Amino acid sequence: MAKQIVTSGIRPTGQLHLGNFYGAMQNIQRLQDNYHAYFFIVDLHSLTTHPNAEHLRRHVIGVAKDYLAAGLDPNVSTLYAQSSIAEDICELHTYLSMVMPLGELLRCPTFKEKAKKHPDNVNYGLVGYPVLMAADVLIHKGTVVPVGEDQVVHLEMARTIVRRFNQLYGNVFPEPQPLLENAVRIPSLSGQGKMSKSDADDTYISMQEATDAIHSKVKKAFSDPERVYKNQPGHPTVKGCNVYHLHSFFTKEDQISSLAEQCRQAAIGCVDCKKHLAGSLTSIVEPFRERRNQITDDDVIEVLQAGRIKAKASSEKVIAEVRDAMGLRMF
Ligand code: ATP
Ligand code: MG
């Protein structure tokens with residue numbers, strides 16, 4: 001039986017952080033073993049909120065390095081920049097936009113969140129973000145999409161688009177299924193929302209973070225607001241303390257229960273508990289950082305060029321089929 005097609009993208013809006021790693025990259029090796037996999041750097045999506053050419057040039061290369069450091073094997077799966085096959089993706093985006101009701105896009109929680117964050121730049125592209133994401137998946141007839149919790153609603157919209165499109169034009173696209181096994185949502189160090197690479201620098205831990213920076217960022221992380229003095233007992237629960245919440249993802253189970261017990265008895269202060277968290281984070285970031293440092297810009301450029309050719313072979317086939325189904329003739 002042919003392998004299912006998995007598609008997965010990351011915005012080059014900043015340095016990859018622990019949330020991206022846990023939510024999107026940790027399982028790369030397994031994905032590429034089990035599926036026909038397309039990984040891409042969604043530079044067009046970045047333009048909705050980060051219209052900065054210098055920034056974009058730097059981060060496309062940076063995210064490609066992250067993928068390779070996370071274990072992507074370019075001989076097995078395909079890695080490319082979204083804009084390298086923009087002619088097909090943007091064309092498909094236009095067709096899909098015709099079957100997507102505007103009301104649903106305006107009600108989308110991620111749109112509302114981004115519009116609130118960037119009130120001076122609520123652009124047309126931002127509203128259509130889920131449609132462009134659907135085009136990323138459908139341009140390869142993707143059947144499986146690994147999503148973090150924040151992307152679940154976008155995938156639901158892609159499925160709606162497929163149903164409407166197929167109703168009008170025949171059975172062209174499969175309905176992509178979410179791969180939710182890694183649907184974690186790593187919280188921000190600030191305790192407000194999830195960790196995001198386009199938020200303030202001190203709210204996330206980048207996968208390139210130096211060890212001393214990990215310690216100093218974690219030291220300032222938001223913890224239990226009800227524990228003002230060290231001799232007060234703390235509230236080590238996911239809701240009660242952001243530092244505990246972070247421990248729950250990154251620290252070993254038996255160590256967490258011992259830290260929690262000491263916290264409840266006021267036998268350990270927040271400073272020591274945070275030191276422990278910084279240690280857990282360092283043990284994840286350090287080996288990644290070292291692998292990443294071995295990868296050069298030239299290595300990455302070569303991989304992206306080869307990736308574009310493989311991606312294009314698939315996208316042009318799909319776009320030809322779509323045009324035909326829609327009755328669009330090339331004269
Ligand atoms: P931006 O602030 O630019 O939107 P981001 O940090 O949200 O950046 P994305 O590029 O939007 O990252 O998402 C890349 C992948 O990482 C997606 O699969 C998303 O679900 C996942 N992801 C992003 N943030 C987190 C998080 N805090 N926890 C778990 N997964 C996450
Ligand atoms: Mg995001």
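Structure: see above.
A brief structural summary. (Residues numbered from 1 in each chain as written. Chains lettered and ligands numbered in written order. Predicted model: local features only at pLDDT ≥ 70, side-chain atom pairs only at ≥ 80, totals over all residues. Heavy atoms only, no water.)

## Re the site of ligand 1
The test is simple: Proximity is defined per residue: any heavy atom of the residue falling within 4 Å of a molecule or strand makes that residue near it. Pairs of N or O atoms within 3.5 Å make up the polar contacts considered here, provided that, within protein, one atom can donate a hydrogen while the other can accept it, and that residues adjacent in sequence are counted only when both atoms are side-chain atoms. For cavity detection a 1 Å grid was placed over the protein atoms alone, and a set of points counts as a cavity when a 1.4 Å probe fits there but cannot get out; an open set counts as a pocket when protein lies on both sides within 12 Å along at least five of seven lines, with lining residues being those that have an atom within 4 Å of a point. Any molecule with more than half of its atoms within 2 Å of a cavity's or pocket's grid points is regarded as sitting in that cavity or pocket. Counting from the N terminus, the helices are DSSP H or I runs at least four residues long and the strands are E runs at least two residues long. Side-chain classes are defined by residue name, with Ala, Val, Leu, Ile, Met, Phe, Trp, Tyr, Cys and Pro counting as nonpolar, Asp, Glu, Lys and Arg as charged, and the others, Gly among them, as polar.
In the vicinity of ligand 1 lie 20 residues, with Thr-13, Asp-150, Lys-194, Lys-197 and Ser-198 positioned nearest. Within the side chain of Ser-198, one N or O atom sits 2.4 Å away from an oxygen atom of ligand 1. Judged by its atoms lying within 2 Å of the grid points, ligand 1 is housed in the largest pocket. Element by element, the count of residues in the shell around ligand 1 is highest for helix H1 (residues 18–25), at four residues. Of the residues contributing to the shell around ligand 1, the split by class is five nonpolar, nine polar and six charged.

## Some details on empty space enclosed by the protein
Put simply, the test is: Grid points are joined across faces, edges and corners, and a volume is the space filled by probe spheres set on the points.
Following the criterion strictly, the structure yields one cavity of 30 Å³ or more and no others. As for the largest cavity, its lining consists of 16 residues, and the residues nearest its centre are Cys-241, Val-243, Tyr-244, Cys-263 and Cys-273. Ranked by the residues each element gives to the lining of the largest cavity, the list is headed by helix H13 (residues 253–264), at four residues.

## Details of the packing of aromatic side chains
Where we set the bar: Two aromatic rings, drawn from Phe, Tyr or Trp (for Trp, its six-membered ring), form a pair once their centres lie within 6.5 Å of each other, and the interplanar angle then sorts them: stacked below 30 degrees, edge-to-face above 60, tilted otherwise. The classification of residues rests on relative accessible area computed with a 1.4 Å probe and restricted to protein chains. Under 20% of the type maximum is buried, over 50% is exposed, and intermediate values are partly exposed. Any Lys NZ or Arg CZ found within 6 Å of a ring centre and within 35 degrees of that ring's normal is scored as a charge over the ring.
Taken as a whole, this structure holds eight aromatic pairs when the rule is applied. Consider the rings of Phe-165 and Tyr-169, whose centres lie 4.9 Å apart with planes at 50 degrees: the pair is tilted. Taken together, the positions of Phe-165 and Tyr-169, both in helix H10 (residues 152–169) and four residues apart, correspond to about one turn of that helix. For Phe-165, a relative accessible area of 0% translates into the label buried. Connected via pairs of aromatic rings, a cluster forms that spans Phe-21, Tyr-22, Phe-249, Phe-250 and Phe-288. Above the ring of Tyr-204, the side-chain terminus of Lys-217 is found at 4.7 Å from the ring centroid.

## Side note on the pattern of salt bridges
What counts is decided by this rule: By definition, a salt bridge exists where a carboxyl oxygen of Asp or Glu is found within 4 Å of a side-chain nitrogen of Lys or Arg.
Tallied over the full model, the rule gives 16 salt bridges. With a shortest N-O distance of 2.8 Å, Glu-321 and Lys-141 are connected by a salt bridge. With Glu-321 in helix H15 (residues 297–326) and Lys-141 in the loop between helix H9 (129–138) and strand S4 (144–146), this residue pair connects regions lying 180 residues apart in the sequence. Note on Glu-321: relative accessible area 34%, which makes it partly exposed. Each of Glu-156, Arg-159, Arg-163 and Glu-175 takes part in a single network of salt bridges with overlapping partners.

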